[in-house]
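Summary of the model geometry
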Amino acid sequence: MKCNRLVVIMAAVIIMAAAVSCTGQKDSEGRSLYKIDVYTQLGNYAGMQVGWFGKIVREKFNMELNIIPTADGVFPTRMASGKLGDLILFGSDGAEFIDAIEAKMLLDWYQGDLLDKYGADIKKNLSMALKQNADVFGGGTKCYGFGYDVSSSAALTDAAFYHPDIRFDLYQRIGSPKIPNLMGYLDVLKKMVDLEPKGDSGLPSYAISLFKDWDGDTVMSVKCMGAFYGYDEFGFTLYHAETNTIQPVLDNNSLYLQGLKFFNKAHQMGILDPDSATQTFSDVIEKFADGRVYWSIFSWLGPANYNTAERLAQGKGMFAVAAEDQKNIVYGTSVYGKERIWSIGSKAKYPERIMELVNWLCTPEGVMTNHWGPRGITWDYDSNNKAYLTPLGIEIQDGNKKAQIPESAGGGQYVDGENKINNTTFTMNDINPVTGERYNKDFWSSELNRVTNPAKKAWQDAMGVMTEDDYLEKGNFKALVVASDYVKDKRGDELEQKYVQVSNAIKTGSWRAIYAGNDAEFDRIVREMITQAKAFGYDECVAWDREQGKIRAAAVRRALGN
């Protein structure tokens, strides 16, 4: 009998332990630990969110984030499973977002009192972004989330990130020659490579290093050459920010074909990284960090990975040097948000708790944390409510993202703890109501007044400005892309299929053209690419883009009050 009684007691203990294990820890409101699947089309990381951001989310919301990045076949597989995710981040508001709505995979944010009780900051400060989503995708009565980089005002502009950054120390050593146009960079870059033909590790250096990861309708790096001359990507066309007209990418002497010629000339001159067609984005980052690449399309690529505190102190750094005829596109901020969508899965067990998390990311504390790390550890406010970086924050933002975070704040390297969701709510160029300054640290008074390193000071003295945005403004190098309520229509299935075929033809042909051995071979490959693209329906696709361009232009005129 005693034995049987002991068995009963032991069984009861096991059952209770299992119940505790299933329930998990509870927060101050008595809520159990909630592990959610975050399906993101914007991230590269897979697994549980760790480090400082994971600790903050757990402490504030008793929540853990299981990050699921997208890849070939992931979206249809998850759709077929009946659950796309709990928190869902779409790379665009295009076909897959619409498909998810039609399959009833997404939560209607307008249902019940969700926004009132759990998304008060979203409802108050992002009302136009919510309305935009509802008007376009929910018939005005249902809302499936909001786009990223929202602004509280349409009068602001984002910080410029399209500007060619080069190794300015090498540029000065070769005499700071004038650069009249895009092709004019090549001779300058060749001299820089000849001057310093190896990176820090002793491996060969190159003027330019590209990657395929982000190719879309066309080759990303090539279409970006249009961004240096006032053109925004727009399907198989480029949309001019100032004239609101379009230029088909395969038109004779288009900016796209000029970009192809630019990269091919670099290849013929031996200054294009031969791995460009096969390497990944991560490979390119490593090469910038090793000092092996001297020219960058984006401010957050080359400078962000080369300009370490040690190098800057030595007078070495990558900074903006525009060609004399450039007009770099700069995006106006949008009260409607942009195309990357925050949404919640309709099958989420506790959607209200997920909304609480998103709502926090829409507050000043959440925005600052998302961009600059844990308050009190990497940044803080001073007695005048102005933001500043701590010594650790300065070390991290000056290039050492592998800096160790205190165990009390999550431990590990800063980079490992960064938010792996990889999306923003408010644009970092919006005004932080706490400070009256932008969320963007480059515009904080504390940063502008911080002692400048020798490398940045050399650039500032040469250009007569303090920041890259001042430089583009002073030199009349900016073309404003006006934010509007334009949303591209969904293409029909037949046209979509043609788009896929045309896109593959253009991308395959473009990479072949970049590696052509001489001008005659380049011209032949381009002709073959154009012929093949037209055979797949290029002209029909461009005709659709033209109609969309007219709709976008009308939206821009409305935004400008014209």
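Below you will find a few notes about this structure. (Residues numbered from 1 in each chain as written. Predicted model: local features only at pLDDT ≥ 70, side-chain atom pairs only at ≥ 80, totals over all residues. Heavy atoms only, no water.)

The 3 strands are arranged β10-β6-β11 in an open sheet whose pairing can be described as antiparallel. The open sheet has two free edges, formed respectively by β10 (295-298) and β11 (318-320), since each of these has just one partner strand. Each neighbouring strand pair of the sheet contributes to a mean axis angle of 30°, computed without reference to strand direction. Sheet analysis places strand β6 (residues 162-167) next to β11, joined by 3 bridges and oriented antiparallel. Opposite Asp 165, over in β11, you have Ala 320 as the bridge partner. Those strands touched by helix α9 (residues 184-195) are β6 and β10, and its axis lies near 30° from that of β6. (Pairing = 2+ DSSP bridges. Helix = DSSP H or I, 4+ residues; strand = E, 2+ residues; numbered from the N terminus. Axes fitted to C-alpha atoms, helices over the stretch in contact; angles between N-to-C directions. Contact = heavy atoms within 4.5 Å.)

Our next topic: helix α15 (residues 351-361). In terms of burial, α15 is a largely internal element, 10 of the 11 residues being buried. Turning to α15, its buried residues are Pro 351, Arg 353, Ile 354, Met 355, Glu 356, Leu 357, Val 358, Asn 359, Trp 360 and Leu 361. (Buried < 20%, exposed > 50% of the residue type's maximum accessible area, 1.4 Å probe, protein only.)

This next bit is on the sheet that holds strand β1 (residues 34-40). As summarised here, the arrangement of the 6 strands in space is β2-β3-β1-β4-β13-β5, forming an open sheet in which the pairing is mixed. Each edge of the open sheet is held by one strand with a lone partner, namely β2 (47-48) and β5 (146-147). Relative to strand β4 (residues 87-90), β1 runs parallel, the two being bridged by 3 bridges. What sits directly across from Tyr 39, in β4, is Ile 88.

Relative to the assigned elements, Val 38 resides in strand β1. When the C-alpha atoms of Val 38 and Tyr 306 are compared, they prove to be 31 Å apart, with 268 residues separating the residues in sequence. When residues no more than four places from it in sequence are discounted, the contact partners of Val 38 are Leu 65, Asn 66, Ile 67, Ile 68, Leu 87, Leu 89 and Ile 421.

Our next topic: helix α12 (residues 281-289). Count 3.6 residues to each turn of an α-helix, and residues three or four apart come out pointing the same way. Taken together, the buried positions of α12 are Phe 281, Val 284, Lys 287 and Phe 288. Take α12 and look down its axis: the buried residues cluster within an arc of 120°, on one side only. Turning to α12, the residues buried within the fold contact β10, α13 (302-306) and β11. (Arc of directions from axis to C-beta.)

Most of β6 sits out of view: 6 of its 6 residues are buried. Strand direction decides the pairing type here: β6 and β10, joined by 3 bridges, are antiparallel. Within β10, the residue paired with Tyr 162 across the bridge is Phe 298.

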